[in-house]
Amino acid sequence: MKSILIIEDEVHIARFIKTSLEQEGYQVHVAHLSKTGLIDAATRRPDLLILDLGLPDGNGFDVISDLRAWSSIPILVLSARSDEQDKIKALNLGADDYLTKPFSMGELIARINAHMRRWPVNADSSSELNLGNIKINLELRQVTKDDMLVHLTPIEYRMLTILIKNAEKVMTHQQLLNEVWGKNHCHQEHYVRIFMSNLRQKLEDEPSRPKYFLTEIGVGYKLHVPK
Ligand code: CA
């Protein structure tokens, strides 16, 4: 049984999430403080963490930093609507996804399920990955759509493989810049938009209504792998 840890100080929200996730078949544990939450994360080794950013004994950022020092479990952040910048900061620190309060339980469950079935992707893998009608052969560095070869530039291909490696994770503009171009290009966020648009043009059936290369408005992008 997959287990989930919730670190959330608002008792009624925590209880509501716990009950809903238990109905989905998850084993759920709740911590109300960041300190106890970190201990629970270390001792219980959950498969996923739901983390509220505003906690009474410090903040969620410290939890993310601490956790990322030794764990790569998916972290889904809950943030208040007013904390737009906090969301980006949390993602840059290593959170995987976020939801803004108030959120729908259906949305939360869908996100959790997506992270739980995360692609078994290994960047060194020689196997072929299937993304709907798109096939990516990492060994040959070859991409086909509907069995037709798609020509990607080296930067486009690099961006694609980074998104694949981070499937379902929200990547901020900054993270994509750092990963694709290196840290010297930190100010050129429009690069990311241009190359994302190229990838959509080449790989999506309807580039203006993408199925895989999703926009997270004001934050960045996410590669979504449909069931
Ligand atoms: Ca709170």
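Structure: above.
S.K.: Please clarify how the sheet that holds strand β8 (residues 128-131) should be interpreted in this entry.
M.R.: Within a sheet, neighbouring strands are paired by backbone hydrogen bonds and run either parallel or antiparallel to one another. If you trace the four strands from one edge of the open sheet to the other, you get β8-β9-β10-β11, paired in antiparallel fashion. Two strands close off the open sheet at either side, each with one partner strand: β8 and β11 (148-150). The mean inter-strand angle of the sheet, taken between neighbouring strand axes irrespective of direction, is 30°. The sheet contact formed by strand β10 (residues 142-145) and β11 spans three bridges and is antiparallel. Bridged to Thr144 within β11 is Leu149.

S.K.: What is the right way to look at the coordination of the calcium ion in this model?
M.R.: A four-donor tetrahedral metal ideally has 109.5 degree angles, and a six-donor octahedral metal ideally has angles of 90 or 180 degrees. Surrounding the calcium ion are the protein donor atoms Asp9 (OD), Asp52 (OD) and Gly54 (O), at 2.2 to 2.3 Å. Read in sequence order, the donor residues coordinating the calcium ion give the pattern D-x42-D-x1-G. With Asp9 in the loop between β1 (3-7) and α1 (11-23) and Asp52 in strand β3 (residues 48-52), this pair connects stretches of sequence that are 43 residues apart.

S.K.: Sorry, what's going on with helix α8 (residues 189-203) here?
M.R.: Within an α-helix, residues lying three or four positions from one another point in the same direction, as the helix has 3.6 residues per turn. With 15 residues, α8 extends 22 Å between its outermost C-alpha atoms, agreeing within 8% with the 21 Å of an ideal straight helix rising 1.5 Å per residue. Buried within α8 are the following residues: Val192, Phe195, Met196, Leu199, Arg200 and Leu203. One side of α8 carries all its buried residues, which in axial view fall inside an arc of 145°.

S.K.: Hey, could you run me through the nonpolar core in this one?
M.R.: Counting 30 residues, the largest nonpolar core has Val143, Met159, Leu160, Leu163 and Phe213 as the members making the most contacts within it. Of all the elements in the fold, those that place two or more residues in this core are β8, β9 (134-137), α6 (154-165), α7 (173-181), α8 and β14 (220-223). Sorting elements by how many residues they give to this core places α6 first, with six residues. Non-local contacts of Leu160, meaning those with residues more than four positions away in its chain, are made with Ile136, Val143, Leu152, Leu199, Leu203 and Phe213.

Conventions adopted
- Residues numbered from 1 in each chain as written.
- Predicted model: local features only at pLDDT ≥ 70, side-chain atom pairs only at ≥ 80, totals over all residues.
- Heavy atoms only, no water.
- Pairing = 2+ DSSP bridges.
- Helix = DSSP H or I, 4+ residues; strand = E, 2+ residues; numbered from the N terminus.
- Axes fitted to C-alpha atoms, helices over the stretch in contact; angles between N-to-C directions.
- Donors = N, O, S within 2.8 Å, 3.2 Å for Na, K, Ca; no water.
- Expected span 1.5 Å × (residues − 1).
- Buried < 20%, exposed > 50% of the residue type's maximum accessible area, 1.4 Å probe, protein only.
- Arc of directions from axis to C-beta.
- Core = buried A, V, L, I, M, F, W, Y, C linked by side-chain atoms within 4.5 Å.
- Contact = heavy atoms within 4.5 Å.

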